[in-house]
Amino acid sequence: MTTHDTTPQRRADHPTWWRIPLVASALGLPVLALEYSAIRAQAGMGEYGGALYSALALFAIAWALPHRRSLRTLRILAATAALLITLLPVGLLLLLAALLSG
């Protein structure tokens, strides 16, 4: 005789879900805070403020997604996009400074 359990099975949480958002946040949030304070000290945020706010929203999404293994790719994409949006202006500034100094 077989018995069937009709309760829905809960998907197992991904055990290392926190690694990607932690690495991206550790690298990106200090730079994002510096960029925010530098832009805020000037006359206003302008279009650059939209990029800062979208990077902050992507960091929040990377942390807030459910901890399932099926959402690992979306979490990686959100954290990577936030990190790229944060580091791109600094990288371009460093490249410009290197080109102008030589």
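It should be emphasised that the depicted structure is a prediction, and the values quoted were computed from it without experimental measurement.

Moving on to the packing of helix 1 (residues 19–41) against helix 2 (residues 46–64). Remark: helix 1 packs on helix 2, axes separated minimally by 11 Å, with the N-to-C direction vectors making an angle of 155°. Of the possible angle classes, the one that applies to helix 1 and helix 2 is roughly antiparallel. For helix 1 against helix 2, the interelement crossing comes out left-handed. Of the residues in helix 2, those in contact with Pro21, Leu22, Ala24, Ser25, Gly28, Leu29, Leu32, Glu35, Tyr36 and Ile39 of helix 1 are Tyr48, Leu52, Tyr53, Ala55, Leu56, Phe59, Ala62 and Trp63. Per-class residue counts for the contact of helix 1 with helix 2 are 15 nonpolar, two polar and one charged.

Attention now moves to the packing of helix 2 against helix 3 (residues 72–101). It is the contact of helix 2 with helix 3, at a shortest axis distance of 8 Å, that shows an interaxial angle of 150°. With respect to helix 3, the axis of helix 2 lies roughly antiparallel. As helix 2 packs across helix 3, the resulting crossing turns out to be left-handed. Between helix 2, through Tyr48, Ala51, Ser54, Ala55, Leu58, Phe59, Ile61 and Ala62, and helix 3, the contact on the second element is made entirely by Arg75, Ala78, Ala79, Ala81, Ala82, Leu83, Ile85, Thr86 and Pro89. When its residues are assigned to classes, the contact of helix 2 with helix 3 shows 14 nonpolar, two polar and one charged.

Glancing now at the side chain of histidine 14. Considering the arrangement of structural elements, one finds histidine 14 in the segment before helix 1. A polar side-chain atom of histidine 14 sits 3.5 Å from a polar atom in the side chain of arginine 69. Other than its neighbours up to four places away in sequence, histidine 14 contacts His67, Arg68, Arg69 and Arg72.

A separate point is the side chain of serine 25. Position of serine 25 relative to the elements: it lies in helix 1. Residue class for serine 25 comes out buried when judged on its relative accessible area of 9%. Only 2.8 Å separates the side chain of serine 25 from the side chain of tryptophan 63, close enough to count as a polar contact. Setting aside its immediate chain neighbours within four residues, serine 25 contacts Pro30, Phe59 and Trp63.

When pLDDT is low, close inspection of the predicted coordinates is not appropriate. Mean pLDDT over the protein stands at 89; residues scoring 70 or higher make up 90%. Between the elements of the protein, mean pLDDT differs from a low of 92, seen in helix 2, to a high of 95, seen in helix 3.

Enumeration over the complete set of coordinates arrives at two aromatic pairs. Arranged with centres 5.8 Å apart and planes meeting at 90°, the rings of tryptophan 17 and tryptophan 63 form a pair that is edge-to-face. Note that tryptophan 17 is positioned in the segment before helix 1 and tryptophan 63 in helix 2, a separation of 46 residues in sequence.

Rules and cut-offs
- Residues numbered from 1 in each chain as written.
- Predicted model: local features only at pLDDT ≥ 70, side-chain atom pairs only at ≥ 80, totals over all residues.
- Heavy atoms only, no water.
- Axes fitted to C-alpha atoms, helices over the stretch in contact; angles between N-to-C directions.
- Helix = DSSP H or I, 4+ residues; strand = E, 2+ residues; numbered from the N terminus.
- Parallel < 35°, antiparallel > 145°, perpendicular 65-115°, else oblique.
- Left-handed = near helix turned anticlockwise from the far one by under 90°.
- Contact = heavy atoms within 4.5 Å.
- Nonpolar A, V, L, I, M, F, W, Y, C, P; charged D, E, K, R; others polar.
- Polar contact = N/O pair within 3.5 Å; in protein donor to acceptor, adjacent residues only side chain to side chain.
- Buried < 20%, exposed > 50% of the residue type's maximum accessible area, 1.4 Å probe, protein only.
- pLDDT = per-residue confidence, 0-100.
- Phe/Tyr/Trp six-rings, centres within 6.5 Å; stacked < 30°, edge-to-face > 60°.

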